[in-house]
Each structure stands twice: as C-alpha cells, then as structure tokens.
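# Structural description and commentary
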Amino acid sequence: MKIVVVGGTGLIGSKLVRGFVEHGHEAVAAAPSTGVNTLTGEGVADAVAGADVVVDVSNSPSFEDEAVMAFFETSTRTLLAAEAEAGVGHHVALSVVGTERLQDSGYFRAKQAQETLIEKSPVPYSIVHATQFFEFVPRIADEATADGTVRLAPVYFQPMASDDVAAAVGRIAVGEPVRGRVEIAGPERFRMDEFFTEILAAQGDPRVVVADPEARYFGVVPGERTLVPGDGATLGTIRYRDWAGK
C-alpha cells in the first residue's frame, strides 16, 4: 500500500512512517520540510496521488483560538479535497479522547471542526481518539503551575506511550475504514493529582501538588471522566513507570 503520513516528521508521524516501511508499505512523510504544505496546498496533490491511505497526525504550530481553528479547517479541507480527487480509499485522523467534552477550549473546538469536516467528506475515514501522551506529562504539570504549586483537578487520567499510539493508528490505517471513532488509551488509570504527586516526588521536583476541583486543564475545568475513554477502548501495553525508567 502507499500510505501518506501528514505530519510524518513529528513524534507520532515518524514512528508511523518507520513502522509502515518495516511492514513492506510505501510510506511518504508529508510535512512542510518535505515539500508538502496543507495550509498553502503546496505539494499535496502530488503526495496523495496513487495513495491508498492518508494518515493525518499533524498539529497546529499555534494554540491561539483563531490560529488553531484556521489550521485544522484549512489543512483538513485541503487534504480531503485532494484525496477525493485522487480516489484515496481511507483517511485516518488522530484526535483526542474527550474532544467533544472539552468545547470550552479553542483547541478542542478546532479538533471538533476537523472531525466534522472528515465526517462530511466522501472519503471513507477512521478517527482515532487517543489519551494524552507520556511525552506530554511535563507540559501538563508546567501549565498547571503557579508560584511553585501545581493545581490539578482530582479527575481520572489515562496517559499512553507514543509507541502505543503509533502502533494503534498504524493497525487502523491498514484496515478497513471504521467510518466512526475508535478510542485508545494507556493501560493504567490514575487520579490526575495523585499521579503528578508521585511523579514529581520521584523526580525530586520541589513543586507541591494540590487537588483543586476547579483547576483548569488547558482552559477547561474537566469532569471526573472527561479525559478518559469509555468502555471498549483499545489499551496500550506500556506502563508509565516502565517508560519513564528507560
């Protein structure tokens, strides 16, 4: 199969490209640095020509409300139009567990807009909702920090390894289109405040974690299960302690 990975030079994209090649597929890493720009349209038609599958794991360079909406709407429209013209049989997009429950956030409104465009497109699709990546854990702590205190809501949290994310997205990409959403998550569920208390202490980080039901998660006050998948999610195998201990 010819599989185009949009965002193919990033954390997840590079793992996908490598995995597809190892399994005998032709994988194209599509990114501005490789001459493919989904905002301007540069190189998009050539990249998707003859492709069986397009996997979009790209992300906005800016999280500002208007900028992130413009990114996901423009890039998704550009891709889907080119795929429809080229006869691509499967569009796969990586999104976030809880997107529909986090609509007070400009970023998640943009992700929802992306998903709506995909659903309305004639291109068969699969949308993969993943929980937060392990690599994202330090940023979550930093975003929640003020004056040396980390304020986090005592809600459920189920992060996963990027290797598990790539493996799951890869399996879905080479299968039949789901024409809906699939949820993936890590193998362990934690209370967010308890998780960060343990992790920061293990790292010798002096910050104090405070459980605050009104604490915001990137601008949104999450509910108890906002950030975790429902029943039937596909779970990864890599545990955070094993990943962090490498």
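For the structure, check the block above.
Everything numeric in this text was worked out from a predicted model, so none of it was measured. (Residues numbered from 1 in each chain as written. Predicted model: local features only at pLDDT ≥ 70, side-chain atom pairs only at ≥ 80, totals over all residues. Heavy atoms only, no water.)

### Some remarks on the overall build of the protein
What the protein contains, in helices and strands, is eight helices and twelve strands. By the compact-globule yardstick of 18 Å for 246 residues, the protein fits well, its C-alpha radius of gyration being 18 Å. Here the protein holds 246 residues, and 50% of them are scored as buried. Sequence-distant contacts, at least 24 apart, represent 81% of the contacts inside the protein between residues at least 6 apart. For the protein, the exposed area adds up to about 11,100 Å²; of that, 50% sits on carbon and sulfur atoms. Within the protein, the 34 negative side-chain charges are centred at a point lying 3 Å from the centre of the 21 positive side-chain charges. (Helix = DSSP H or I, 4+ residues; strand = E, 2+ residues; numbered from the N terminus. Rg over C-alpha atoms; globule rule 2.2 N^0.38 Å. Buried < 20%, exposed > 50% of the residue type's maximum accessible area, 1.4 Å probe, protein only. Contact = heavy atoms within 4.5 Å. Areas by Shrake-Rupley, 256 points an atom, 1.4 Å probe, with all protein chains shown as cover. Lys, Arg positive; Asp, Glu negative; His and termini not counted. Charge placed at Lys NZ, Arg CZ, Asp CG, Glu CD.)

### A look at the pattern of salt bridges
Here the structure, examined in full by the defined rule, presents twelve salt bridges. A salt bridge links R207 to D205; its shortest N-O distance comes to 2.9 Å. Each of the salt bridges in this network shares a partner with another, and the network as a whole consists of E188, E198, R239 and R241. (Salt bridge = Lys/Arg side-chain N within 4 Å of Asp/Glu carboxyl O.)

### Description of the packing of helix α1 (residues 11-22) against helix α6 (residues 162-173)
Between α1 and α6, whose axes approach to 9 Å, the crossing angle comes to 55°. One way to sum up the angle between α1 and α6 is to call them oblique. Judged by the twist between their axes, the crossing of α1 over α6 is right-handed. Contact with α1, carried on its side by L11, I12, K15, L16 and F20, involves S162, D163, V165, A166, V169, G170 and A173 of α6 and no other residues of that element. (Axes fitted to C-alpha atoms, helices over the stretch in contact; angles between N-to-C directions. Parallel < 35°, antiparallel > 145°, perpendicular 65-115°, else oblique. Left-handed = near helix turned anticlockwise from the far one by under 90°.)

### Details of the side chain of E83
Relative to the assigned elements, E83 resides in helix α3 (residues 65-86). Lacking a salt bridge, the buried E83 has R179 as its closest oppositely charged neighbour, with an N-O distance of 12 Å. Not counting residues within four places of it along the chain, the set of residues in contact with E83 comprises V48, V54, V88, H91 and V123.

### Points about empty space enclosed by the protein
In this structure the tally under the stated criterion is one cavity of 30 Å³ or more. As a volume, the largest cavity reaches approximately 30 Å³. When the residues that make up the lining of the largest cavity are grouped by side-chain class, the tally is five nonpolar, no polar and two charged. (1 Å grid on protein atoms, 1.4 Å probe; cavity = no way out; pocket = protein on both sides within 12 Å on 5 of 7 lines; lining within 4 Å. Points joined across faces, edges and corners; volume = space filled by probe spheres on them. Nonpolar A, V, L, I, M, F, W, Y, C, P; charged D, E, K, R; others polar.)

### A word on the nonpolar core
Formed by 31 residues in total, the largest nonpolar core has its most connected members in L152, F157, M192, F195 and F196. Every element with two or more residues in this core is listed here: α3, α4 (106-120), α5 (137-143), β7 (149-152) and α7 (192-202). No other element matches α7, which puts five residues into this core. Excluding residues within four positions of it along the chain, F157 makes contact with Q132, V137, I140, E188, R189, F190, M192, F195, F196 and V228. With 22 residues, the next largest nonpolar core counts V17, F20, V165 and A168 among its residues. (Core = buried A, V, L, I, M, F, W, Y, C linked by side-chain atoms within 4.5 Å.)

### Some remarks on the packing of aromatic side chains
Across all of its chains, the model carries 14 aromatic pairs by this definition. Ring geometry for F63 and Y107: centres 4.7 Å apart, planes at 40°, overall tilted. Of this pair, F63 sits in the loop between β3 (53-56) and α3 while Y107 sits in helix α4; the two residues are 44 residues apart in sequence, bridging distant segments of the chain. In this structure F63 comes out as partly exposed when scored by relative accessible area, which is 34%. Looking at Y107, the relative accessible area reads 14%, which means it is buried. When the ring of F157 is compared with that of F195, the centres are 5.1 Å apart and the planes differ by 65°; the resulting orientation is edge-to-face. Residue F157 is found in strand β8 (residues 156-157), and its partner F195 is found in helix α7; the two are separated by 38 residues along the sequence. Exposure class is identical for F157 and F195. Each is buried. Here the aromatic cluster, defined as three or more aromatic residues joined through ring pairs, consists of F134, F157, F190, F195, F196, Y240 and W243. Over the ring of Y156 we find R189, and its NZ or CZ is 5.9 Å from the ring centre. (Phe/Tyr/Trp six-rings, centres within 6.5 Å; stacked < 30°, edge-to-face > 60°. Lys NZ or Arg CZ within 6 Å of the ring centre and 35° of its normal.)

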